[in-house]
Structures are given as C-alpha cells and as structure tokens.
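# Close look at the chain arrangement
The primary structure of each chain is shown beneath.
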Amino acid sequence: MAQKIIAGNWKMNLDIDQSVKLIRELNTEKFDSDVRIILFPPSLFIDRISKVIESSIQLGVQNFSNNYNGAYTGEISINQVKSVGAKIGLIGHSERRSYYNEGDDILRYKVNQAVKHNFEFIFCCGEPLSVRESGDEFVFVKNQLQDSLFHLNVEQIQNSIIAYEPIWAIGTGKTASSSQAEEMHKNIRLWLKELYGPKVANSISILYGGSCNASNSKELLACPNVDGALVGGASLNADDFSKIVQSY
Ligand code: 13P
C-alpha cells in the first residue's frame, strides 16, 4: 500500500515571522496519524521552524543542487539541507523546469544525487495546456518520467514519490477533474508496474498537485490511484491546509 501524503509547497512566499505563525497555527490542529504531512518552506527557514513544530510534520526543500559540494555559488547541497533537518526534496517542479531551465539531464543528475545520498524525493511531472489540448498528455508525462526517473533500478526507485501536476492547473484555480487525475495516475502506476513489478508500483505514492484546495480535495483524494496531494496556494493558510489533510 502506498503511503498517504499531504504536502504543502510554500514556494517563495512568507517571511520568517509569517512562517513561524503558520506553523504555530498548525500546531493547534489534530491530524490523523495515517497521513504523512510534509511542508516545503523556503530552505532558509527550515532550521528555525523545525524547532517550532510540535507534531509529526516533516520538512523538505523545494530545490537542491545536483552537485554535492564545492564552488557552486548560490546552490544548496543535499548534505547541507539534511544537516538542518530536511527529510525530502522536490525534483522537477514545473516552475524550476520553465523559469530556471532545468531540463531532463539536470533532473536526472538530481535524482541520482538523491539516490546516492539516500535522500527521499518527490519527482514532479505534468503537461502544459497545449499538450493536454492536443491529447498527448500521456506520451508527454511518460517521456518526462523515462528521461529523468525510470533509469533507476528496482531498489533505487523505492525511495521516491511521484507528483502529477498538470501545469495548466498550477496556481490557476483550474483543477484537473477527479477523472482526469485518476486517468493519469492510473497510467503512471501502470508504467511503474511494467518496469518494477506490482509490489513496488503499488508502494510508490503518486500525489496530485494543481489548485488542490479544501473544496475539491475530498473528491480528488478519493480516487483509487491518488495517494495524496502536493498543495501550493492553499498550504499558506493553516485552516485551508488542515481541512485538506482532514478531508483524507
Ligand atoms: P497550487 O496549489 O497553488 O496550484 O500549486 C500547486 C503546486 O505547484 C504545488 O507544488
């Protein structure tokens, strides 16, 4: 069985005081111990806010370098983020792919770096609107996975999570319908089965991301192949984020 996960990607929002306030508000909520909760705050704040968390909420990083150490100005390594308590990192978010030109090669290096240093990751994939409109979304997403993730062997892939985030649904208020989400997740599971066998495929969590909020989360999370959500905007509000977790 895949683990149930609700993750919050804060992106480049909130200052330190607002971040601490949000964590304190989340501290007052009751969450089902069945659901793993992970927050991705700005990396700069991980050390500080990890000391404020009073629950099992874990922290992760929105990005990390494909290099391990050395002269890479402005970059942060797995080693460094682990040392302040990050448990997991995002790889291949569409905003990194499109604004910072992170292509398939860099993403594959990041995946390899994470595997080598035993750092769990969420690999993000998803098609732009033009691809969805042309009906090529399955080919597009499969290529993204083949180019940067599916080179891993059966032991290596087990420490990964996949997030399907259709780009046309990110920050647009336009969510994939539960049938669109389920259809893509079902295909991802099928590709995993073909490559790694049913046991491994069924144990890898596949999260949905893209305007997931307190009103649509219940329906999306009820889909058999949706094992959780990667929430952007709605994770910046304690009440909304808690409702999403509680709707699971
Ligand atoms: P929104 O929930 O704001 O659409 O963002 C989704 C996302 O990009 C999470 O990584």
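In case you missed it, the structure is sitting above this.
Read on for a plain summary of the structure.

The rules we used
- Residues numbered from 1 in each chain as written.
- Predicted model: local features only at pLDDT ≥ 70, side-chain atom pairs only at ≥ 80, totals over all residues.
- Heavy atoms only, no water.
- Helix = DSSP H or I, 4+ residues; strand = E, 2+ residues; numbered from the N terminus.
- Rg over C-alpha atoms; globule rule 2.2 N^0.38 Å.
- Buried < 20%, exposed > 50% of the residue type's maximum accessible area, 1.4 Å probe, protein only.
- Areas by Shrake-Rupley, 256 points an atom, 1.4 Å probe, with all protein chains shown as cover.
- Lys, Arg positive; Asp, Glu negative; His and termini not counted.
- Charge placed at Lys NZ, Arg CZ, Asp CG, Glu CD.
- Expected span 1.5 Å × (residues − 1).
- Arc of directions from axis to C-beta.
- Contact = heavy atoms within 4.5 Å.
- Pairing = 2+ DSSP bridges.
- Axes fitted to C-alpha atoms, helices over the stretch in contact; angles between N-to-C directions.
- Near = heavy atom within 4 Å.
- Polar contact = N/O pair within 3.5 Å; in protein donor to acceptor, adjacent residues only side chain to side chain.
- Nonpolar A, V, L, I, M, F, W, Y, C, P; charged D, E, K, R; others polar.
- Parallel < 35°, antiparallel > 145°, perpendicular 65-115°, else oblique.
- Left-handed = near helix turned anticlockwise from the far one by under 90°.
- Salt bridge = Lys/Arg side-chain N within 4 Å of Asp/Glu carboxyl O.

Bringing the overall build of the protein chain into the picture now. Helices and strands together make up the secondary structure of the protein chain, namely 11 helices and 8 strands. At 17 Å, the protein chain has a C-alpha radius of gyration in line with the 18 Å of a compact globule built from 248 residues. Oriented by its inertia axes, the alpha-carbon framework of the protein chain measures out at about 45 × 45 × 35 Å. Counting all 248 residues of the protein chain, 52% fall into the buried class. With an accessible surface of roughly 11,500 Å², the protein chain has 48% of that area assigned to carbon and sulfur atoms. Averaging the positions of the 24 positive and the 28 negative side-chain charges in the protein chain gives two centres separated by 4 Å.

Before going further, it helps to examine helix α1 (residues 16-27). Over its 12 residues, α1 runs 16 Å from end to end, which matches the ideal 16 Å to within 8%, given 1.5 Å per residue. Within the span of α1, buried status applies to S19, V20, L22, I23, L26 and N27. Within α1, the buried residues cover an arc of 160° as seen down the axis, which keeps them to one side. Opposite the buried face of α1, at more than 90 degrees from it, the exposed residues are D17 and K21. As for α1, its buried residues are in contact with β2 (35-40), α2 (46-50) and α11 (238-246).

With parallel pairing, 8 strands are arranged side by side around a closed barrel as β1-β2-β3-β4-β5-β6-β7-β8. With strand direction ignored, the average angle separating the axes of adjacent strands in the sheet is 25°. As judged from the 2 bridges shared by strand β7 (residues 206-209) and strand β8 (residues 228-231), these two strands associate in the parallel manner. The residue of β8 that forms the bridge with G209 is L230. Most of the contacts of helix α5 (residues 104-116) go to strand β5 (residues 120-125), to which it runs at about 160°, and overall it touches β4 (88-91) and β5. Helix α7 (residues 137-148) rests against β5 and β6 (160-164) of the sheet, and its axis sits at about 145° to β5.

So, about the site of the ligand. Around the ligand, the structure places N9, K11, H93, E165, A169, I170, G171, G210, S211, L230, G232 and G233. One nitrogen or oxygen atom from the side chain of K11 is found 2.8 Å from an oxygen atom belonging to the ligand. G171 is positioned with one of its backbone polar atoms (N or O) 2.6 Å from an oxygen atom of the ligand. For the ligand, whose accessible area on its own is 310 Å², the fraction buried by protein is 94%. Here the shell around the ligand is built from residues that sort into 3 nonpolar, 7 polar and 2 charged.

All right, on to the packing of α7 against helix α8 (residues 178-196) then. Two numbers describe how α7 lies on α8: the axes approach to 11 Å, and their chain directions differ by 45°. Taken together, the axes of α7 and α8 are oblique relative to one another. Pair α7 / α8 crosses with right-handed handedness. Here E137, F138, V141, K142 and L145 of α7 come into contact with α8, specifically with E183, M184, N187, I188, W191 and E194. Among the residues making up the contact of α7 with α8, the classes are represented as 6 nonpolar, 1 polar and 4 charged.

Turning our eyes to something else, we now look at the pattern of salt bridges. Under the counting rule described, the total for this entry stands at 13 salt bridges. Measuring nitrogen to oxygen at the nearest pair gives 3.1 Å for the salt bridge that ties K21 to E25. With K21 and E25 both in helix α1, this residue pair falls 4 residues apart, about one helical turn. A salt bridge links D105 to R108; its shortest N-O distance comes to 2.9 Å. Taken together, the residues D105 and R108, both in helix α5 and 3 residues apart, mark about one turn of the helix. The structure contains a network of salt bridges with shared partners spanning R96, E102 and K110.

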